[in-house]
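Observations on the model geometry
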Amino acid sequence: REVADPVGLSWDEPVQAFLRHEECRGLRPRTVELDAQELRLFRRWLERRLPGAGPAEVTEGHLADFVLELRTGAQPRTINIKRQTLIKFFGFLVARGWLADNPVRAVPKQREGRKLPKALQDDEVRLLLRQPDMFFAKMGYQGTGVGREA
């Protein structure tokens, strides 16, 4: 695969092309706007660390540092959304031949905790436990699991 010379690749043209591509794919305007916000956030973060750097200068190390910094205040789900936007963007640059590979792929997804199920109230448990008796009563049985002789 032939890759254009990435040196000097700015952010503006690739970001605009990526957002147009997302619009053409039929993504909702809100999704496209959120992706634009995520890219602006990353670009501002990178600019503070590596002034003047373009997409070609982004390394796995930069992305790992970005994620580590996000972990101080953001939930894993939020971090994964930002990571996914960057995967799509850099993947788009690779597909267009602007970059040779996607540096985000090497940054692991954050483990998201699972929510525990809501605890049932006492009356909900009693209602749930009565359900088999109600079912079997309608079917002509007495008690749970005990068949009635005909």
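Chains are numbered independently. Their residues run from 1 in the order of the written sequence. The predicted nature of this model means local features are confined to residues of pLDDT at least 70 and side-chain atom pairs, given and counted, to a pLDDT of 80 or more, with totals for whole chains, interfaces and linings taken over all residues. Hydrogens and waters are ignored; side-chain quantities use all the structure's heavy atoms.

**Some remarks on the packing of aromatic side chains**
- Paired rings are identified among Phe, Tyr and Trp, the last through its six-membered ring, by centres lying within 6.5 Å, and are further divided according to the angle between planes into stacked (under 30 degrees), edge-to-face (over 60) and tilted (the rest). Throughout the structure, instances matching the rule amount to ten aromatic pairs.
- Summarising the aromatic geometry, the rings of F42 and F66 are spaced 5.0 Å apart at their centres and angled 85 degrees between planes, so their arrangement reads as edge-to-face. With F42 in helix 2 (residues 29-49) and F66 in helix 3 (residues 60-70), this residue pair connects regions lying 24 residues apart in the sequence. Comparing F42 with F66, the two get one shared label, buried.
- Members of the aromatic cluster, joined through ring pairs, are W11, F18, F42, W45, F66, F89, F90, F92 and W98. In this description a helix means any DSSP run of H or I spanning at least four residues, a strand means any run of E spanning at least two, and both kinds are numbered starting from the N terminus. Relative accessible area decides the class of each residue, using a 1.4 Å probe on protein chains only: under 20% of the type maximum gives buried, over 50% gives exposed, and in between gives partly exposed.

**Details of the pattern of salt bridges**
- We define a salt bridge as a contact between a side-chain nitrogen of Lys or Arg and a carboxyl oxygen of Asp or Glu at a distance within 4 Å. Evaluated as defined, the whole model comprises six salt bridges.
- With its nearest N and O atoms 2.7 Å apart, the salt bridge here joins K88 to D35. In this pair, K88 sits in helix 4 (residues 76-95) while D35 sits in helix 2, placing the two residues 53 residues apart along the sequence.
- For K88, a relative accessible area of 26% translates into the label partly exposed.

**Considering the packing of helix 1 (residues 12-24) against helix 2**
- Closest axis-to-axis distance for the helix 1/helix 2 pair is 10 Å, and the angle between their directions is 160 degrees. Comparing the axis directions of helix 1 and helix 2 gives the class roughly antiparallel. Taken as a pair, helix 1 and helix 2 cross one another with a handedness that is right-handed. Note on element contacts: helix 2 touches helix 1 through V32, D35, A36, L39 and R43, opposite D12, V15, F18, L19, E22 and E23.
- Of the residues contributing to the contact of helix 1 with helix 2, the split by class is six nonpolar, no polar and five charged. Inter-axis angles, ranging from 0 to 180 degrees, are taken between N-to-C directions of lines fitted to C-alpha atoms, where helices are fitted over the stretch in contact. For classification purposes, an angle smaller than 35 degrees is called roughly parallel, one larger than 145 roughly antiparallel, one from 65 to 115 roughly perpendicular, and anything else oblique. Here a crossing is called left-handed whenever its near helix is offset anticlockwise from the far helix by less than a right angle, and right-handed whenever the offset is clockwise. By definition in these notes, contact holds between two residues if any of their heavy atoms fall within 4.5 Å. Polar here means any residue outside two lists: the nonpolar Ala, Val, Leu, Ile, Met, Phe, Trp, Tyr, Cys and Pro, and the charged Asp, Glu, Lys and Arg; Gly therefore counts as polar.

**A closer look at a nonpolar patch on the surface**
- Each patch is built from residues lacking any salt bridge and having more than 30% relative accessible area; the joining distance is 9 Å for like charges and 5 Å for nonpolar side chains (Val, Leu, Ile, Met, Phe, Trp, Tyr). For accessible areas, the Shrake-Rupley method is used with a probe of radius 1.4 Å. Any residue's cover is judged against the shown protein chains and nothing else. On the surface, L120, V125 and L129 cluster together into a nonpolar patch covering about 280 Å² of accessible area.
- By secondary structure assignment, the location of V125 is in helix 5 (residues 122-138).
- Relative accessible area serves as the criterion here: at 33%, V125 is assigned to the partly exposed category.

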